[in-house]
Amino acid sequence: MKKATKTAAEISERLNLPVGVTRITLAGTRQALIEGHRGLAGYTPERVTVRAMLGEVCIDGEALTLSAMDADALLISGRILSVTL
Amino acid sequence: MRARLEQLLRGSAHVEISGADIPGCLNALVREGIECRAASGPDAFTLRAEIPYRSLRAARAAAARRNCDLRVLRERGLPSAAKKLRRRLALMFTAVIMFSALAASSFFAWDIDVAGAESVPEGRILRALAEAGAKPGSFWPAWDADAIANRVLLAVPELAWAGVSVAGSRAEVRVRERTPSMEPAAGTGSIVSGASGIIERMEVFFGTPLAAVGEAVAEGETLVAGSVTGYDGATEAVRASARISARTAREYTASAPLEAMEPRETASHTRWALVIGNKRVNFYAGSSQTPPGCVKIIEELPLAVEGMFALPVTLLRECIVEYAFEPRPCGADELAAELEALLAERLERELDGGETLRQSFTARESGGRLYVTLRAECREDIAVYLPDEGP
């Protein structure tokens, strides 16, 4: 298992891809995709707090919903006003 | 579309999770491999989300571990429908019986349509079909289409061709009638005048002309004799043939009462009957005959889908309407216009290819009736063949 993780890390490094980071992709102010999260820390329609690799990501907005959520990615929809790291 | 179909097949459940640690509960669900969709909540202690139907039990357990309550709001998709149906055995049984009956009924021809018959009555063809074994309710896979067509052709000699095709429980019989023989008509005779008038043009194809252009002739007068005289002086009887155009005068009169009897609905009631095959079941007492002074409006509601299948069950809705007739005065102008239209139609019909040169209408009232007279000057073919009387 450790060997496989190490190999994946090596490949990512060779391809200049970030490894072990949380990636946040904003699609305008309507959607935010958070990949590589560590779980949800808080949820209200006005604020979603997501645990990231190095701390928490706080997304403030209006009528926020978790459109889809699985172990790796989280899609937040609504009117996003700010993203705080 | 594909995703929606997949979701429908997999099934989903809309759940409401309530508790103190909603994020923790969501994390627990995700850790269990349960995908959450469309999660939203009115407050920090309640969350509504859509999860796969198969993960419902695991989600409930995970929520319980986080001291949260999971309540199912709605279930969608095939798995939940199947689960509900398992509890409704009678419904399933009925559905199976219905589908079986439908499948079995498609092997029987419940509806037989005849197409292409113009002069031969449809009922005669249907009787011939029934005698050949193709009658409503018969098992159509046992039919021999060629044998049936041949038997119909033998039974109805006016038909030149017949073909049988079956689609579902509906059989279509296409027929072609024999075209009349084009042989010249036999017998001898003369051409007489069909109407009084002045001859404007004569085209005599066969026979001896007895009238000339410009002459006035009376109705029934012989215009072309059905005999010809040879070079040797011998006279031979022939079938005269001619086209004689003449200027004629026609006069038609039509009348109608100035006070018409108008029906007024006094009462009505509805009754029902069911026709299963050839059997009729009335859901009312007494005769199915229409009472005197009443009109029966029948609405047929067959258990069928047009063009696909038909079951031998038809619900009949009979509306019996009773009428009383009351006198109603008619406007003379409107009535005159109606009668004029009728007379003009009659003139056109009786002219049969001729033309109207001039026409005028006159109207008069007498004895409570309106009389309208049409006088017309026409140009028409007045030649009428009159066969010779036998020896």
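Residues numbered from 1 in each chain as written. Chains lettered and ligands numbered in written order. Predicted model: local features only at pLDDT ≥ 70, side-chain atom pairs only at ≥ 80, totals over all residues. Heavy atoms only, no water.

Novice: Lay out the nonpolar core in plain terms, naming residues and giving numbers.
Specialist: Buried together is how nonpolar side chains tend to be arranged in soluble globular proteins. If you look at the biggest cluster of nonpolar residues, it comprises 36 residues, and the most contacted ones within it are L40, L66 and I76 of chain A. In terms of residue count, the dominant contributor to this core is helix α2 (residues 22–31) of chain B (six residues). Residues contacting L66 of chain A, with those up to four places away along its chain left out, are L40, Y43, V48, L74, L75 and I76 of chain A together with L26, R37, A38 and A39 of chain B. Judged by nonpolar contacts, the second largest core, of 20 residues, contains V120, A128, A149 and V175 of chain B. (Core = buried A, V, L, I, M, F, W, Y, C linked by side-chain atoms within 4.5 Å. Buried < 20%, exposed > 50% of the residue type's maximum accessible area, 1.4 Å probe, protein only. Helix = DSSP H or I, 4+ residues; strand = E, 2+ residues; numbered from the N terminus. Contact = heavy atoms within 4.5 Å.)

Novice: Quick rundown of the sheet that holds strand β11 (residues 197–206) of chain B? Include the residues and the values.
Specialist: To summarise the sheet geometry, strands pair through backbone hydrogen bonds and adopt either a parallel or an antiparallel arrangement. Residue and element names in this part refer to chain B. Pairing is antiparallel in the open sheet, where five strands are placed in the order β13-β11-β17-β23-β22. Pairing within the sheet leaves two strands with one partner each, and these edge strands are β13 (216–217) and β22 (355–366). Inspection of the sheet shows β11 paired to β13 by two bridges, in the antiparallel sense. Paired with G197 across the two strands is V217, which belongs to β13. Sheet strands in contact with helix α8 (residues 332–351) are β17 (241–257), β22 and β23 (369–381), and its direction is about 25° off that of β23. (Pairing = 2+ DSSP bridges. Axes fitted to C-alpha atoms, helices over the stretch in contact; angles between N-to-C directions.)

Novice: Please give an account of the pairing of β17 of chain B that cites residues and values.
Specialist: All names here are of chain B. Strand direction decides the pairing type here: β11 and β17, joined by eight bridges, are antiparallel. The residue of β17 that forms the bridge with I199 is A246. The sheet contact formed by β17 and β23 spans 13 bridges and is antiparallel. Bridge pairing in β23 links A246 to E380.

Novice: Describe the environment of Y385 of chain B, with residues and values.
Specialist: All names here are of chain B. Inspection of the secondary structure puts Y385 in strand β24 (residues 383–387). Residues Y385 and A240, 145 residues apart in the sequence, show an inter-C-alpha distance of 7.5 Å. Separated by 3.2 Å, the side chain of Y385 and the backbone nitrogen of G189 make a polar contact. Within polar-contact distance, the side chain of Y385 engages the side chain of R239 at 3.2 Å. (Polar contact = N/O pair within 3.5 Å; in protein donor to acceptor, adjacent residues only side chain to side chain.)

This is a description of form; function is not addressed.
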